[in-house]
Amino acid sequence: MESARAHLDVQHTEGVIVVSFLDRKILDELNITRIEEDLFTLVEKETSVRLVLDFANVEHLSSRALGTLISLMKRVNMKKGRLALSNIAARIFDVFRITRLDRSFDIYTTREEAIAAVTA
Amino acid sequence: MKFSTLVTKSDLAAARKVEPLVMAELERHGYSEEAVFAVRLALEEALANAINHGNARDASKAVRVDYHIDPRRAVIRVSDEGPGFSRGSVPDPTAPENIEKPCGRGIMLMEAYMNEVRWNRDGNCVELIKKNE
């Protein structure tokens, strides 16, 4: 049974919420459901959220996780917020490219670039 | 070909027990890191499809994984007890009308990362083939 440990590191910096995934593999249904709940709660709390998701630790990603990112993007857009992704390893970026989601998300090489983009 | 088999209930955590066995076989036969990544991803998607769509999360139904890995290629079959489906009936997730839908990308990823992906006639068993290139 999966414990209720944290899957996300959340930092607030200069009006931007920077979320880092603590899991190397974002695959598991239960983990993703918890990540989804936490991310959606973060967005709901803010009026026009500026959110950066940092993938530095992530080595595996499932299509279910992609679905969560799409749902999150829609919620951010509905609240007229900004969302950027950063530090996506080449193999994980391929998953975005194959599914053509690299065109839907704003993706930056570094966390700093992503923060700058959502605050611009 | 001689296959190893694992049969579990429709539970992703239980079904995922096959993954380290498959990964260990791939590494033993010298498959590249890229190939191991690809097989892990495709197997994960196949298991999720079998449990969530095939067996509709019915815990009384089983998922069966048969795998054969040799130095030349890996063959993995994931079967469920559902009614099956037709590959042609699954919409293209990259079509403009579907790109913002949160589901429907698992098959696409399997097909992108494997050399061959095919279903049995009933559509409730998928065969994944990855060559050791």
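Description of the structure in this document. (Residues numbered from 1 in each chain as written. Chains lettered and ligands numbered in written order. Predicted model: local features only at pLDDT ≥ 70, side-chain atom pairs only at ≥ 80, totals over all residues. Heavy atoms only, no water.)

Structural notes on the environment of Val10(A)
And step 1. As for its position among the elements, Val10(A) is in strand β1 (residues 8-13).
And step 2. Each C-alpha atom, one on Val10(A) and one on Asp38(A), is 9.9 Å from the other, the two residues being 28 residues apart in sequence. (Helix = DSSP H or I, 4+ residues; strand = E, 2+ residues; numbered from the N terminus.)

Some remarks on helix α2 (residues 63-78) of chain A
Residues and elements named next belong to chain A.
And step 1. In this model α2 runs 23 Å from its N-terminal to its C-terminal C-alpha over 16 residues, within 8% of the 22 Å that 1.5 Å per residue would give.
And step 2. For α2, the full list of buried residues reads Ser-63, Ala-65, Leu-66, Gly-67, Thr-68, Leu-69, Ile-70, Ser-71, Leu-72, Met-73 and Val-76.
And step 3. Downstream of α2 by one or two residues, Lys-80 has phi in the positive range, about 55°. (Expected span 1.5 Å × (residues − 1). Buried < 20%, exposed > 50% of the residue type's maximum accessible area, 1.4 Å probe, protein only.)

A few points about the pattern of salt bridges
Residue and element names in this part refer to chain A.
And step 1. The full count for this structure, using the stated rule, is 14 salt bridges over all chains.
And step 2. Ionic pairing is found between Glu-44 and Arg-75, a salt bridge with its closest N-O pair at 3.6 Å. Taken as a pair, Glu-44 in helix α1 (residues 29-45) and Arg-75 in helix α2 lie far apart in primary sequence, 31 residues in all.
And step 3. Residue Glu-44 is classed as partly exposed on the basis of its relative accessible area, which comes to 45%.
And step 4. Its relative accessible area of 32% is what places Arg-75 among the partly exposed residues. (Salt bridge = Lys/Arg side-chain N within 4 Å of Asp/Glu carboxyl O.)

Topic: the nonpolar core
And step 1. Among the nonpolar cores identified, the biggest contains 69 residues, and Leu51(A), Leu53(A), Phe55(A), Phe96(A), Val22(B) and Val78(B) are the most heavily contacted of them.
And step 2. In terms of residue count, helix α3 (residues 33-54) of chain B provides more of this core than any other element does, twelve residues in total.
And step 3. Here Val78(B) is in contact with Leu43(B), Ala46(B), Leu47(B), Ala50(B), Val63(B), Arg64(B), Val65(B), Asn124(B), Cys125(B) and Val126(B), once residues within four sequence places are set aside.
And step 4. Formed by seven residues, the second largest nonpolar core is a distinct cluster that contains Val18(A), Ala84(A), Ile115(A) and Val118(A). (Core = buried A, V, L, I, M, F, W, Y, C linked by side-chain atoms within 4.5 Å. Contact = heavy atoms within 4.5 Å.)

So, the sheet that holds β1(A)
All names here are of chain A.
And step 1. Strand order in the open sheet formed by five strands is β1-β2-β4-β6-β7, and the pairing between neighbours is mixed. The sheet is open, and its two borders are formed by β1 and β7 (107-108), each paired with just one other strand.
And step 2. Both strand β4 (residues 50-54) and strand β6 (residues 82-86) contribute to a ladder of five bridges, which runs parallel. Pairing of Leu-51 across the sheet is with Leu-83, part of β6. (Pairing = 2+ DSSP bridges.)

A look at the sheet that holds strand β2 (residues 62-69) of chain B
All names here are of chain B.
And step 1. Spatially, the five strands line up as an open sheet ordered β1-β2-β3-β5-β4, and their pairing is antiparallel. In this open sheet, the two edge strands, each paired with only one partner strand, are β1 (4-9) and β4 (116-119). Between one strand and the next, the sheet's axes are offset by a mean angle of 15°, whatever the strand orientation.
And step 2. Here β2 pairs with strand β3 (residues 73-79) via six bridges, running antiparallel. (Axes fitted to C-alpha atoms, helices over the stretch in contact; angles between N-to-C directions.)

Focus: the packing of helix α3 (residues 90-98) of chain A against α3(B)
And step 1. For the pair α3(A) and α3(B), interaxial distance at closest approach is 12 Å and the crossing angle is 45°. For the element pair α3(A) / α3(B), the angle class is oblique. Where α3(A) crosses over α3(B), the handedness of that crossing is right-handed. On the side of α3(A), the interface is formed by Arg91(A), Ile92(A) and Val95(A), while α3(B) contributes Glu33(B), Glu34(B), Phe37(B) and Leu41(B). (Parallel < 35°, antiparallel > 145°, perpendicular 65-115°, else oblique. Left-handed = near helix turned anticlockwise from the far one by under 90°.)

Here we look at the interface of chain B and chain A
Often, the extent of an interface is quoted as the loss of accessible area upon association of its parts.
And step 1. Counting from both sides, the interface comprises 22 residues of chain B and, opposite them, 23 residues of chain A.
And step 2. Of the roughly 2,000 Å² buried at the junction of chain B and chain A (both faces included), carbon and sulfur atoms supply 58%.
And step 3. Run the count over chain B and chain A and you get two salt bridges.
And step 4. The interface formed by chain B and chain A holds five residue pairs in polar contact (both at pLDDT 80 or more) in total.
And step 5. Sorting the residues of the side of chain B that touches chain A by element identifies α3 and α4 (106-113) of chain B as the ones contributing at least two each.
And step 6. Of the residues in the side of chain B that touches chain A, the class split is nine nonpolar, three polar and ten charged. (Buried area = accessible area lost by both parts, 1.4 Å probe. Polar contact = N/O pair within 3.5 Å; in protein donor to acceptor, adjacent residues only side chain to side chain. Nonpolar A, V, L, I, M, F, W, Y, C, P; charged D, E, K, R; others polar.)

Notes on the pairing of β1(A)
Residues and elements named next belong to chain A.
And step 1. Of the pairings in the sheet, the one linking β1 to strand β2 (residues 16-21) comprises six bridges and is antiparallel in character. Note on β2: the bridge partner recorded for Thr-13 is Val-16.
And step 2. Hairpin connection from β1 to β2: two residues lie between these consecutive antiparallel strands, with Glu-14 at a positive phi of about 50°.

Quick notes on helix α4 (residues 111-119) of chain A
And step 1. Buried residues of α4(A): Ala114(A), Ile115(A), Ala117(A) and Val118(A), and no others. Buried residues of α4(A) fall within an arc of 160° about the axis and therefore sit on the same side. (Arc of directions from axis to C-beta.)

Focus: the packing of helix α2 (residues 18-28) of chain B against α3(B)
Residue and element names in this part refer to chain B.
And step 1. For the pair α2 and α3, the least separation of the axes is 10 Å and the interaxial angle reads 155°. Taken together, the axes of α2 and α3 are roughly antiparallel relative to one another. The hand of the α2/α3 crossing is right-handed. Of the residues in α3, those touching α2 at Val-18, Glu-19, Val-22, Met-23, Leu-26 and Glu-27 are Val-36, Val-39, Arg-40, Leu-43, Glu-44 and Leu-47.

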